[in-house]
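# Fold and geometry: a report
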Amino acid sequence: MSPANSQQQTPLLDALRDRTNHPHAPFYAPGHKRGQGISGPLIDLFGAAVFRSDLPELPELDNLFNPEGAIAEAQDLAAEAFGAQSTRFLANGSTCGIIAAILATCGPGDKIILPRNIHSSAISGLILSGAIPIFVNPEYNSDWDIANSITPQATAAALEQHPDAKAVMIVYPTYHGVCGDLRAIAQITHQYNIPLLVDEAHGAHFNFHPNLPEPALSAGADLTVQSTHKTLGAMTQASMLHVKGDRIDIQKLNKALQLVQSTSPSYLLLASLDAARQQIALHGKELMAQTLQLAEKARSRISLIPGLSVLEPLNTPGFAALDRTRLTVKVSDLGITGFAADEILHSQLGVTAELPMPQHLTFIISLGNTASDIDNLVKACTFLEGRRKKEEGSSATDSVTDVTDAKDVRKKEEVRKKKSERRSQMSDGRFAQSPNLPLSHSPPLLSPREAFFFPAETVPADKAVDRLCAELICPYPPGIPVLMPGEIITPAAVDYLQQILAAGGKITGCSDRNLQTLKVVRQ
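### Describing the pairing of strand β13 (residues 326–330)
- Of all five residues making up β13, five are buried, and the element is well covered by its neighbours.
- Residues R326, T328 and K330 of β13 are buried on one face, and the alternating residues L327 and V329, pointing to the opposite face, are buried as well.
- Bridge count between strand β11 (residues 309–310) and β13: two bridges; the pairing is antiparallel. In the strand pairing of β13, V310 is matched with V329.
- Relative to strand β15 (residues 360–364), β13 is paired through five bridges, and the arrangement is antiparallel. Bridging from a neighbouring strand, V329 pairs with L361 of β15.

What follows is the structure in structure tokens.
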């Protein structure tokens, strides 16, 4: 059978369908027994059919950790579709794939070169492996308050200083769709005969249209982890890990995956990977062409709205290409933060962004979006600009209103003063005291693993400055740690986190959700 015809097959989905429709008496987990004991409200929400397919590792369904049947066939088809030599299905999301990639290439005390804007899952990999991070700071775009990629030059410099590093890991693309010069970084990395690991969580669709950035494997990556669920048609938490070349020890990788994947993987998630692969392999170019067309409509229309800007490709270091299905809209020129804009869009207009940040909002446009979605997005952005006009008009009216009551005069003056203070603080579209993501420029004084297991104590946030952090603290999304175990806590980091929290952002990893206290390494 030709490769094109073989991509029509869905071996794991078919096996699951057969077992779902096979009548028998179940004396195995899960306890709801093919939906017979499931809660009524769950059936009302999802329907009964899905629970009949919630099955364990029956003989006909293969085993994720020793695949010989349907899973093995499905993974082989995925490898063919995505340009890999071998593929592993991930039921614990890309997080487990990133951790496994580090465990498979680095042991205790081994060095790994990676950008400081890495996802928190990579820090988890450092803690579990005992590897020593050699952080390379990404290029920073101050106009947009966005971290780009690391550059080939920075990668080369890090390898020259640390030629004993066991691997290089980079993020490609970033959450904002920014891609670095991956091909050049791969060539530099391979001069040291070590693998290039890629967090390609947001780039699973790259292989299916020529107007998208080059896929990581095509550019020279040895291992890449993709969140199939983020940009393609798989269910949430369903991801893939792809390997190409001979620099990855497959046996070590398989053992690492056994450590970080559930021994009871969801076959609903695994089958969704099989189905998503078939869909994109057979119809990828058409689906991506439609997606790109929708994205271009959104870009062109939103860029015409006064006060809003759309991120476009920039000729700056660390910015070699842009995924044009990822739409980032700067709202700070309207005098509001991305968090405030996100709240308005979500709660009032029924439009929900993927990522709010201080200056902007980022939207994922994928094969699941429609022309109606784009219309609603454009209307919502237009509303933001109209809201600004209305507020300015209201302020002007307030200033000329004839008010005779002294209390009313004082009250209106206080309102005007507060508005003026807010506009002053946001005059350049950023938080007044901490405009930039304050990533540390210094190496951790303790390895993430050492700091994680070291005795810790809780101190007031203002007393934590200059102490070693014992927590992994990051705004989520995007999940980039501002503080990690072993790093020195800086005033800028504390201030940034507190302002993110005050503006409506979400902070994860801190034992005190109000950030009044922090855990530090005990002295």
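Once you've had a look at it, read on.
### Description of the packing of helix α8 (residues 152–161) against helix α9 (residues 182–190)
- Relative orientation of the contacting elements α8 and α9 amounts to 15°, with a least axis distance of 9 Å. As summarised for this structure, α8 and α9 are arranged roughly parallel, according to the angle between their axes. Between α8 and α9 the crossing geometry is right-handed. Contact residues: α8 offers P152, T155, A156 and L159, while α9 offers A184, I185, I188 and T189.
- Partitioning the contact of α8 with α9 into residue classes produces six nonpolar, two polar and no charged.

### Quick look at the nonpolar core
- Within the largest apolar cluster, 55 residues are counted, with the highest numbers of intra-cluster contacts made by F89 and I170.
- Top element by residues in this core is helix α13 (residues 267–302). It accounts for ten residues.
- Residue contacts for I170: discarding those within four places in its chain leaves P115, I150, L182, I185, L196, L197, V198 and D199.
- Of all hydrophobic cores here, the second largest spans 33 residues; its members include I98, A100, A256 and L257.

### Some thoughts on the sheet that holds β11
- Taken in spatial order, the four strands make up an open sheet running β11-β13-β15-β14, and their pairing is antiparallel. Two strands in the sheet have a free side with no partner beyond their single neighbour: β11 and β14 (355–356).
- In the packing of α13 onto the sheet, contacts are made with β11 and β13, and the angle to β13 comes to roughly 10°.
- Along the sheet, helix α14 (residues 338–349) makes contact with β14 and β15, crossing β15 at roughly 50°.

### Regarding unusual backbone geometry
- In this chain, A29 is followed by P30 through a cis amide linkage whose omega measures 5°.
- Structurally, P30 is set in the loop between α2 (11–20) and α3 (40–46).
- Of note, the amide linkage connecting Y172 to P173 takes the cis form, showing an omega dihedral of 0°.
- Within the secondary structure layout, P173 lies in the loop between β6 (167–171) and β7 (178–179).
- The backbone of K33 sits at a positive phi, close to 50°, despite the residue not being glycine.
- With a phi close to 60°, L515 is a non-glycine residue in the positive phi region.

Reading the values: rules and limits
Every chain is numbered on its own, with residues counted from 1 as its sequence reads. Under the rules for a predicted model, residues below a pLDDT of 70 receive no local features and side-chain atom pairs below 80 are neither given nor counted, while totals for whole chains, interfaces and linings still include all residues. Only heavy atoms go into the side-chain values, all of them from the structure, while hydrogens and water stay out. Each residue's exposure class comes from its accessible area (1.4 Å probe, protein chains only) as a fraction of the maximum for that residue type: buried when under 20%, exposed when over 50%, partly exposed otherwise. Going along the chain from the N terminus, every DSSP run of H or I of four or more residues is numbered as a helix, and every run of E of two or more is numbered as a strand. In this scheme, strands are said to pair when DSSP sees at least two bridges between them. Interaxial angle, 0 to 180 degrees, is taken between N-to-C directions of lines fitted to C-alpha atoms, where a helix line uses only the stretch in contact. Working rule for angles: under 35 degrees goes down as roughly parallel, over 145 as roughly antiparallel, 65 to 115 as roughly perpendicular, anything else as oblique. Crossings are assigned a handedness: left-handed for a near helix turned anticlockwise from the far helix by less than a right angle, right-handed for a clockwise turn. Throughout, a residue-residue contact means that at least one pair of heavy atoms, one from each residue, lies within 4.5 Å. Gly is placed with the polar residues, together with every amino acid not listed as nonpolar (Ala, Val, Leu, Ile, Met, Phe, Trp, Tyr, Cys and Pro) or charged (Asp, Glu, Lys and Arg). Working definition of a nonpolar core: buried Ala, Val, Leu, Ile, Met, Phe, Trp, Tyr and Cys residues. They are joined through side-chain atoms within 4.5 Å.

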